[in-house]
Amino acid sequence: MGKGRSTRRTLDSHTVKSINKAIRAGDCVLMRPSDTNKPSYVARVEKIESDSRGANVRVHVRWYYRPEESIGGRRQFHGSKEVFLSDHHDIQSADTIEGKCTVHSFKSYTKLDAVGNDDFFCRFEYNSSTGAFNPDRVAVFHPTCIDLSIEEAKKLEHFFCENCSSGERKKLNNSHAASRHSEAKVDGKRRRR
């Protein structure tokens with residue numbers, strides 16, 4: 001009789017020996033790239049599993065892409081610590097985890113007193129096959145146009161500069177009139193975070 005396939009079991013957590021830290025589903029991690037000249041990959045752990053003996057631990061991850069890894073590459077408005085949550089899922093050995101990190105919302109990232117090497121922020125979801133972003137645009141405003149300090153500007157939920165974006169705002173209002181109801185639901189969810 002042939003050998004049956006090894007049964008996998010889901011783990012609540014796993015301690016990565018090389019960093020002596022426990023990881024759980026939902027944690028963000030830095031993963032070793034195949035090219036040592038590249039920065040560590042950023043991923044969110046979706047599931048942790050091992051074989052029936054508790055060995056051969058694998059992590060199911062959802063990759064974050066850096067702007068330079070996306071179709072179109074890094075643009076002027078991308079932050080140095082910005083990443084995009086992609087639709088790219090993968091299974092990797094837990095041994096490739098180099099450390100834990102935190103991927104903040106943009107709003108919480110701007111409120112950090114100090115940004116560490118393991119702090120990133122995410123404003124977009126990214127479709128790795130088409131290069132499309134969700135949302136497909138972000139509100140941009142210029143505090144100096146209305147004599148606001150950076151601190152005052154950070155307290156605002158939304159703002160469009162009439163001088164700089166009146167044409168863009170009209171286009172945005174017309175193109176999204178049908179989807180305002182669904183956007184209100186998303187905005188409500190964002191505020192609760």
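Refer to the structure above for everything that follows.
Worth saying up front: this structure is predicted, and the values here are computed from it rather than measured.

Visitor: Before we go on, may I ask you to explain the overall build of the protein chain in this structure?
Guide: Along the protein chain, the regular secondary structure elements total four helices and ten strands. Along its sequence from the N terminus, the protein chain presents helices and strands in the succession β-β-β-β-β-β-β-β-α-β-β-α-α-α. Considering only residue pairs separated by 6 or more positions, the protein chain has 52% of its internal contacts joining residues 24 or more positions apart.

Visitor: Is there a simple way to explain the packing of aromatic side chains in this structure?
Guide: The geometry of an aromatic ring pair is captured by the separation of the ring centres together with the interplanar angle, meaning the angle of the planes. According to the stated counting rule, one finds nine aromatic pairs in the structure shown. Plain terms: the ring middles of Tyr41 and Trp63 are 5.8 Å apart, the flat faces sit at 70° to each other, and that makes the pair edge-to-face. Of this pair, Tyr41 sits in strand β5 (residues 41-51) while Trp63 sits in strand β6 (residues 58-65), and the two are 22 residues apart along the sequence. We classify Tyr41 as partly exposed; its relative accessible area is 22%. Given a relative accessible area of 9%, Trp63 falls into the buried group. Consider the rings of Tyr109 and Phe121, whose centres lie 4.7 Å apart with planes at 40°: the pair is tilted. Remark: Phe121 occurs in strand β9 (residues 119-126) and Tyr109 occurs in helix α1 (residues 106-110); sequence separation between them is twelve residues.

Visitor: Looking at this structure, I do not really get the environment of Ile91. What am I missing?
Guide: Secondary-structure assignment places Ile91 in strand β7 (residues 82-93). When sequence neighbours within four positions are dropped, the list of residues in contact with Ile91 reads Arg58, Val59 and His60.

Visitor: Honestly, the pattern of salt bridges in this entry has me stumped. Any pointers?
Guide: Two side chains of opposite charge can pair, provided their charged atoms sit close to one another. Here the structure, examined in full by the defined rule, presents nine salt bridges. A salt bridge links Arg58 to Glu49; the shortest N-O distance between them is 3.1 Å. Note that Arg123 is salt-bridged to Glu82, the shortest N-O span being 2.9 Å. With Arg123 in strand β9 and Glu82 in strand β7, this residue pair connects regions lying 41 residues apart in the sequence.

Visitor: Explain the side chain of Ser70 here, please?
Guide: With respect to the helices, strands and loops of the structure, Ser70 is situated in the loop between β6 and β7. Since its relative accessible area comes to 8%, Ser70 is described here as buried. Separated by 2.6 Å, the side chain of Ser70 and the backbone oxygen of Pro67 make a polar contact. If we skip the residues at most four places from it in the chain, Ser70 touches Phe84, Tyr126 and Phe133.

Visitor: Just checking my understanding: could you explain the state of the cysteines for this structure?
Guide: Covalent bonding between the sulfur atoms of two cysteines defines a disulfide. Applying the stated criterion across every chain, the model contains zero disulfides. Free of any disulfide, Cys28 has its nearest cysteine sulfur in Cys101, 5.3 Å distant. Given the relative accessible area of 8%, Cys101 is considered buried.

Visitor: Just to check I follow, could you spell out the nonpolar core for this structure?
Guide: Residues Ile23, Val29, Met31, Ile48, Val59 and Ile97 are the most contacted members of the largest nonpolar core, which totals 19 residues. Elements supplying a minimum of two residues to this core: β4 (28-31), β5, β6 and β9.

Visitor: In this structure, what is going on with the side chain of Ser50? I would like to understand it.
Guide: Residue position: Ser50 is located in strand β5. Note on Ser50: relative accessible area 0%, which makes it buried. Ser50 has contacts with Thr7, Arg8, Arg9, Leu11, Ala55, Asn56 and Val57, leaving out every residue within four places of it along the chain.

Criteria and thresholds
- Residues numbered from 1 in each chain as written.
- Predicted model: local features only at pLDDT ≥ 70, side-chain atom pairs only at ≥ 80, totals over all residues.
- Heavy atoms only, no water.
- Helix = DSSP H or I, 4+ residues; strand = E, 2+ residues; numbered from the N terminus.
- Contact = heavy atoms within 4.5 Å.
- Phe/Tyr/Trp six-rings, centres within 6.5 Å; stacked < 30°, edge-to-face > 60°.
- Buried < 20%, exposed > 50% of the residue type's maximum accessible area, 1.4 Å probe, protein only.
- Salt bridge = Lys/Arg side-chain N within 4 Å of Asp/Glu carboxyl O.
- Polar contact = N/O pair within 3.5 Å; in protein donor to acceptor, adjacent residues only side chain to side chain.
- Disulfide = S-S within 2.5 Å.
- Core = buried A, V, L, I, M, F, W, Y, C linked by side-chain atoms within 4.5 Å.

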